[in-house]
Number of protein chains: 2
Amino acid sequence: MTVGDRRTTLADVAAAAGVSVALVSIVMRDAPGASAATRERVLEVARRLDYQPDSRARLLRSGQSRLLGVVFGVQHPFHDDLLTGLYDAAERIGYELTLSAVTPRRDERTAISGLLQDRCAALVLLGPQIPAAELATLAGRLPVVAMMRAVRQRQVDVVRTDDARGMHLAVDHLVALGHRNIAHVDGGRWLASAERRQGYRDAMRRHGLEAYAKVVNGGFGEEDGARAARELLDDPPTAVTVFNDLGSTGLLDVLRRHGRAVPGDISVVGYDDSSFSRLAHIDLTTVAQDIETMATLAVARAVERIDGTRVAHREMVIPPRLVVRGTTGPAPA
Amino acid sequence: MTVGDRRTTLADVAAAAGVSVALVSIVMRDAPGASAATRERVLEVARRLDYQPDSRARLLRSGQSRLLGVVFGVQHPFHDDLLTGLYDAAERIGYELTLSAVTPRRDERTAISGLLQDRCAALVLLGPQIPAAELATLAGRLPVVAMMRAVRQRQVDVVRTDDARGMHLAVDHLVALGHRNIAHVDGGRWLASAERRQGYRDAMRRHGLEAYAKVVNGGFGEEDGARAARELLDDPPTAVTVFNDLGSTGLLDVLRRHGRAVPGDISVVGYDDSSFSRLAHIDLTTVAQDIETMATLAVARAVERIDGTRVAHREMVIPPRLVVRGTTGPAPA
DNA sequence: ATGAAAGCGCTAACAT
DNA sequence: ATGTTAGCGCTTTCAT
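Criteria and cut-off values
Residue numbers here run from 1 along each chain, matching the order of that chain's written sequence. Starting at A for chains and at 1 for ligands, labels are handed out in the order in which the entities are written. Where local features are concerned, this predicted model is filtered to residues with pLDDT of at least 70; where side-chain atom pairs are given and counted, the filter is 80 or more; whole-chain, interface and lining totals use all residues. Hydrogens and water molecules were not included; the side-chain quantities draw on all heavy atoms of the structure. The helix and strand labels rest on DSSP assignments: H or I over at least four residues marks a helix, E over at least two residues marks a strand, and numbering proceeds from the N terminus. Our radius of gyration looks at C-alpha atoms and nothing else; its globule reference is 2.2 Å times the residue count to the power 0.38. Relative accessibility under 20% of the residue-type maximum defines a buried residue, over 50% an exposed one, and the middle range a partly exposed one, all with a 1.4 Å probe and only protein chains included. Throughout, a contact is declared for two residues whenever any of their heavy atoms are within 4.5 Å. What sets the accessible areas is the Shrake-Rupley method with a 1.4 Å probe; for residues, cover comes only from the shown protein chains. Nearness is defined per residue: one heavy atom within 4 Å of the molecule or strand is enough. A 3.5 Å cut-off defines polar contacts: any pair of N or O atoms within that distance qualifies, except that in protein one atom must be a possible hydrogen donor and the other a possible acceptor, and neighbouring residues in sequence count only when both atoms are side-chain atoms. Note that Gly is not counted as nonpolar here; it falls among the polar residues with everything else outside the nonpolar set of Ala, Val, Leu, Ile, Met, Phe, Trp, Tyr, Cys and Pro and the charged set of Asp, Glu, Lys and Arg. When the copies are superposed, the least-squares fit draws on C-alpha atoms of residues that have pLDDT of at least 70 in both. UniProt positions are given in the numbering used here, feature names are shortened, and annotations may be inferred rather than shown by experiment. Only strands that DSSP links by at least two bridges are regarded as paired with each other. Orientation is described by lines fitted to C-alpha atoms, with helices fitted over the stretch in contact, and by angles between N-to-C directions that extend from 0 to 180 degrees.

Undergrad: What should I look at first to understand the overall build of chain A in this one?
TA: When helices and strands are counted, chain A shows twelve helices and twelve strands. Its C-alpha atoms give chain A a radius of gyration of 26 Å, more than 25% over the compact-globule value 20 Å for 333 residues. Per-residue burial over chain A gives 55% buried out of 333 residues. Within chain A, contacts between residues separated by at least 24 positions form 65% of all contacts whose residues are at least 6 apart in sequence. Only carbon and sulfur atoms are counted for the fraction: they give 50% of the accessible area of chain A, which is about 14,200 Å².

See the structure below:
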């Protein structure tokens, strides 16, 4: 079963329908300039021959690609949801998406380079880790929208969550439940860590609780949360806000193994609303980002840049919301 | 900041380097036929001009694409790991990957159609849900490798896990721990469900335990597992094998809420080795598929078909392995 | 409404 | 080793 069969081309359809290729092209693109009768006949023939337009030739000739390149990280919380939203938004606006994944053995530069060769009209990067300067250089070549990450460089558009506000929501919620001794496990060198940490500090100050403010070193993974939990057990607070959901599960596990009831003794708030945080087992109170809005805005912005539309704000900072589940409750008496 | 700047082309590089485009092409493709000096000079110029080859033009002209189309499902267990493995395998063999996602609002047909227009040389489908007949039709147009799913049609290549064997491993493990009263929560109408269920039945029979064999209706989700757990509580077995990890967590949660100790009273085995099954909280004994081998085989097979190589077996069935964690233990006395 | 012809950026034959 | 030329499948003038 060798596969040597050349695919059906415009010319084949034209020949079979007894018209010129130009006319078939018009019909396939649904462009004006063909009679209804011809249109129908051509479409019929195309269907019969199982014709599929060659997007490469199409884009090559027409010069502009209506193609958005998306770099996403395999195994990152909510990148899947983000992709879903991006596909929706792109479809609504008549653009195609082409994906390039970052894996443990395929770095961001490789992923981006592939998209450049595909001649995307713009790039949407989900939580890019490369230096801001590099992003700026890239943005000199084509529009770049960075998501889930702050970038100072003015060449780069940004759609991200108001992480400080996310921590305010978390702390406000805990304070409303009567907590005062609230600690924070941060994300270490991770990108959004600084802003979340600062948001936590500000929120504590706003409530006049700076005396209780306490930041413990954490990280991205479950083990980081577990380590932080062991550290906190010496002098346990009544509530903890954690950099992300993964860390929260590690922390929860250690707390429970040491006989602390959650939320009876200690309340815990995560960040990300990861899919596993919804599992009945875990049932984590957490800060959710507004994925759908962000995806829509990112695509809209990319297209604006492609079209050369003037935009008011380079950076779009979206408020998150708190999802209250079972790991938070009234402060112990 | 309008983006009207035409991208650098081969011709630009040729002009700047003072050579013909053909020569630049030779250098860029690392093909024989250029002096070392020229090679170096051209590469230098290309770097300076930030030249990126246009993959569309390249593929269009060269007629063959060295491009593998991959359809994956957003939010499916281990599809991420699979992508990682596929990228590795493709890179080793000099092929590119182009991804197309299935999302809640973007179906498989749409995803496939996009790849067809990109003129992929072959398709790799992760757990395709479309009817086998449709897969066969598709395979008439280009090589198609289906992963994680059995397909009878002989046009379609298959790389999948020996699911029956997976259940044997689970049951053997439980029997070795002294269990006899072992139930199975199946996956309902889900694709691999029938084979896993049958595997369970066979394994029970092999151990002379058909009298204890009991299959409960389940499904793909956590709630399905929870429902099954409630049903099982009337006359609880000492161990349960579940269709997948997600169902297992639902089941585990209900069991614990009803005061059953796991694995003290009841042992539980999942299926998939999903990322969350490793969480300390969940720590689920589960059946793991050999992702890396499967990815390598799928890519190899796709390339064999593209090259017209004769292959011995259309279907490659890979043995899974059991990952023993904390949800299984000795049968209660 | 329809067709002829040029050309997008590249590779592959075939010169030299 | 290097250059010239044709053409991949399509879209886009420009004719008719």
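From this point, the narrative continues.
Undergrad: It is not clear to me how the protein's contact with DNA strand D should be interpreted in this structure. Could you clarify?
TA: The environment of DNA strand D is formed by 22 residues, the closest being L10 and Y51 of chain A together with S20, T38 and R61 of chain B. Each atom of DNA strand D within 4 Å of the protein belongs either to a base or to sugar and phosphate, the latter forming 66%. The side chain of S35 of chain B places a nitrogen or oxygen atom 3.0 Å from a phosphate oxygen of DNA strand D. Here a phosphate oxygen of DNA strand D and a side-chain polar atom of T38 of chain B are 2.6 Å apart. If you list the elements that add at least two residues to the surface near DNA strand D, you get helix 2 (21-28) and helix 4 (55-62) of chain A together with helix 2 (21-28) and helix 4 (55-62) of chain B. No other element matches the four residues that helix 4 of chain A contributes to the surface near DNA strand D. Its residues assigned to classes, the surface near DNA strand D comprises ten nonpolar, seven polar and five charged.

Undergrad: Please clarify how the relation of the copies chain A and chain B should be interpreted in this entry.
TA: Each of the two chain copies can be generated from the other by rotation about an axis followed by a shift along it. Mapping chain A onto chain B leaves a residual RMSD of 0.2 Å; the transformation is a rotation of 180° accompanied by 0.1 Å of translation along its axis. Expressed as an axis order, the relation between the two copies is that of a two-fold axis. For chain A, the smallest separation between a C-alpha atom and the rotation axis is recorded for R56 of chain A, amounting to 2.5 Å. Of the residues that chain A buries at the interface, 100% are likewise interface residues in chain B, meaning the two copies contact each other through the same surface.

Undergrad: I tried to follow the UniProt feature "domain: HTH lacI-type" (unreviewed entry) in chain A on my own but got confused; where do I start?
TA: Residues annotated in UniProt with the feature "domain: HTH lacI-type" (unreviewed entry) correspond here to residues 8-62 of chain A. Annotated as 69% helix and 0% strand, the span residues 8-62 of chain A places its first and last C-alpha atoms 20 Å apart.

Undergrad: Just checking my understanding: could you explain the protein's contact with DNA strand C for this structure?
TA: Taken together, 23 residues sit near DNA strand C, with S20 and R61 of chain A together with L10, S25 and Y51 of chain B positioned nearest. Sugar plus phosphate: this is where 69% of the atoms of DNA strand C within 4 Å of the protein reside. At 3.0 Å, a backbone N or O of S35 of chain A approaches a phosphate oxygen of DNA strand C. Y51 of chain B is positioned such that a nitrogen or oxygen atom in its side chain is 2.5 Å from a phosphate oxygen of DNA strand C. Mapped onto the surface near DNA strand C, the elements with two or more residues apiece are helix 2 and helix 4 of chain A together with helix 2 and helix 4 of chain B. Broken down by element, the surface near DNA strand C gets its largest block of residues, four residues, from helix 4 of chain B. Residue composition of the surface near DNA strand C, grouped by class: ten nonpolar, seven polar and six charged.

Undergrad: Explain the sheet that holds strand 8 (residues 239-242) of chain A to me, please; I cannot follow it from the model alone.
TA: All names here are of chain A. Sheet architecture is open: six strands sit in the order 7-6-8-9-10-12, paired in mixed fashion. In the strand order of this sheet, the two ends are held by strand 7 (214-216) and strand 12 (321-323), each with one partner. Taking the axes of each pair of neighbouring strands and ignoring which way they run, one obtains an average angle of 25° across the sheet. In this sheet, strand 9 (residues 267-271) lies alongside strand 8 in parallel orientation, the contact comprising three bridges. By the bridge assignment, V240 is partnered in strand 9 with V268. Of the strands in this sheet, strand 6 (182-185), strand 8, strand 9, strand 10 (285-288) and strand 12 are in contact with helix 8 (residues 163-176), which crosses strand 9 at around 165°. Relative to the sheet, helix 9 (residues 193-206) contacts strand 6, strand 7, strand 8 and strand 9, its axis offset from that of strand 6 by approximately 170°.

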